[in-house]
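Structural overview for review
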Amino acid sequence: MLQRIQSIYLILAAANALGASSVFYLWKTNSGGIVFAKDNTYAFVAFLATGIMSLITLFLFKNRKLQFVLGRLNIILNFILLGFFVYLSQNLSGETLVSEKGIGMFLPIISIVFIALANKAIKKDEDLVKSVDRLR
């Protein structure tokens, strides 16, 4: 059912990955150019994948176990994206002089928090269903 709290968390994670990644920049270059996620193919594909995976997870509310597993996979994908951003931030040219990191590099952390909260609520629902099945 879509009125559960984990649905809100998954919608927020999808909005963070799909919407906020195009609003907030990842970094500024030495020449003053701003780099968004759509300018970097790998970051764009990873943000798109995590957003779509959050939406798929949202609509699998009848299969809570699969929903939980997809949530974990989405967290792993966000950690990979975060590691990619850390790698890029360490290898930007002119790192000590001019380059400036943007808030977009921290968007995977926000997605991880929302997906972890959704997984916690999914686990709570699954435990509730198991406890009701024991009473039958």
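All residue numbers refer to position in the chain's written sequence, counted from 1. Selection of residues for local features in this predicted model requires a pLDDT of at least 70, selection of side-chain atom pairs for listing and counting requires 80 or more, and totals for whole chains, interfaces and linings are taken over all residues. Excluded from the side-chain calculations are hydrogens and water; all other atoms, namely the structure's heavy atoms, are used.

**Observations concerning the packing of aromatic side chains**
Both the distance between ring centres and the angle between the ring planes are used here to describe each pair of aromatic rings. Applied cut-off: Stacked, tilted and edge-to-face are the three classes applied to pairs of Phe, Tyr and Trp rings, where Trp contributes its six-membered ring and a pair requires centres within 6.5 Å; stacked means planes under 30 degrees apart, edge-to-face means over 60, and tilted covers the rest. Burial classes follow relative accessibility: with a 1.4 Å probe on protein chains only, a residue under 20% of its type's maximum area counts as buried, one over 50% as exposed, and anything between as partly exposed. In our convention, an over-ring charge means Lys NZ or Arg CZ found within 6 Å of a ring centre and within 35 degrees of that ring's normal.
Considering all chains together, one arrives at three aromatic pairs under this definition. Aromatic pair Phe84 and Phe85: ring centres 6.0 Å apart, planes at 45 degrees, arrangement tilted. In this structure Phe84 comes out as partly exposed when scored by relative accessible area, which is 23%. Judged by relative accessible area, which is 1%, Phe85 ranks as buried. Ring-pair connections join several aromatic residues into one group, and the members of that group are Tyr42, Phe47, Phe84 and Phe85. A cation sits over an aromatic face here: Lys38 above Phe36, 5.8 Å from the ring centre.

**Things to note about helix α2 (residues 41–58)**
Owing to its 3.6 residues per turn, the α-helix aligns residues three or four sequence positions apart on the same side. Quick reminder of the rule: Helix and strand assignments come from DSSP, with helices taken as H or I runs of at least 4 residues and strands as E runs of at least 2, each series counted from the N terminus. Helix span, expected: 1.5 Å multiplied by one less than the number of residues in the helix. Pairs of N or O atoms within 3.5 Å make up the polar contacts considered here, provided that, within protein, one atom can donate a hydrogen while the other can accept it, and that residues adjacent in sequence are counted only when both atoms are side-chain atoms.
The end-to-end C-alpha distance of α2, which contains 18 residues, comes to 26 Å, matching closely the 26 Å that a straight helix rising 1.5 Å per residue would cover. N-cap assignment for α2: the residue whose side-chain oxygen lies 3.2 Å from the backbone N of Tyr42 is Asn40.

**Focus on a nonpolar patch on the surface**
Condition: Any residue with relative accessible area above 30% and no salt bridge may belong to a patch, with like charges joined within 9 Å and the nonpolar Val, Leu, Ile, Met, Phe, Trp and Tyr side chains within 5 Å. Each accessible area is a Shrake-Rupley estimate made with a 1.4 Å probe; only the visible protein chains count as cover when residues are assessed. A pairing counts as a salt bridge when a side-chain nitrogen of Lys or Arg comes within 4 Å of a carboxyl oxygen of Asp or Glu.
Where nonpolar side chains cluster on the molecular surface, the patch consists of Leu18, Phe44, Val45, Leu48, Ile52, Leu55, Ile56 and Phe59 and spans about 690 Å² of accessible area. Ranked by the residues each element gives to the nonpolar patch, the list is headed by α2, at six residues. The exposure class assigned to Val45 is partly exposed, which follows from its relative accessible area of 48%.

**Quick word on the pattern of salt bridges**
Tallied over the entire structure, the rule returns three salt bridges. In this structure, Arg4 and Asp125 form a salt bridge, with 3.2 Å as the shortest nitrogen-oxygen distance. Of the two residues, Arg4 sits in the segment before α1 (5–23) while Asp125 sits in helix α4 (residues 107–135), which places them 121 residues apart along the sequence.

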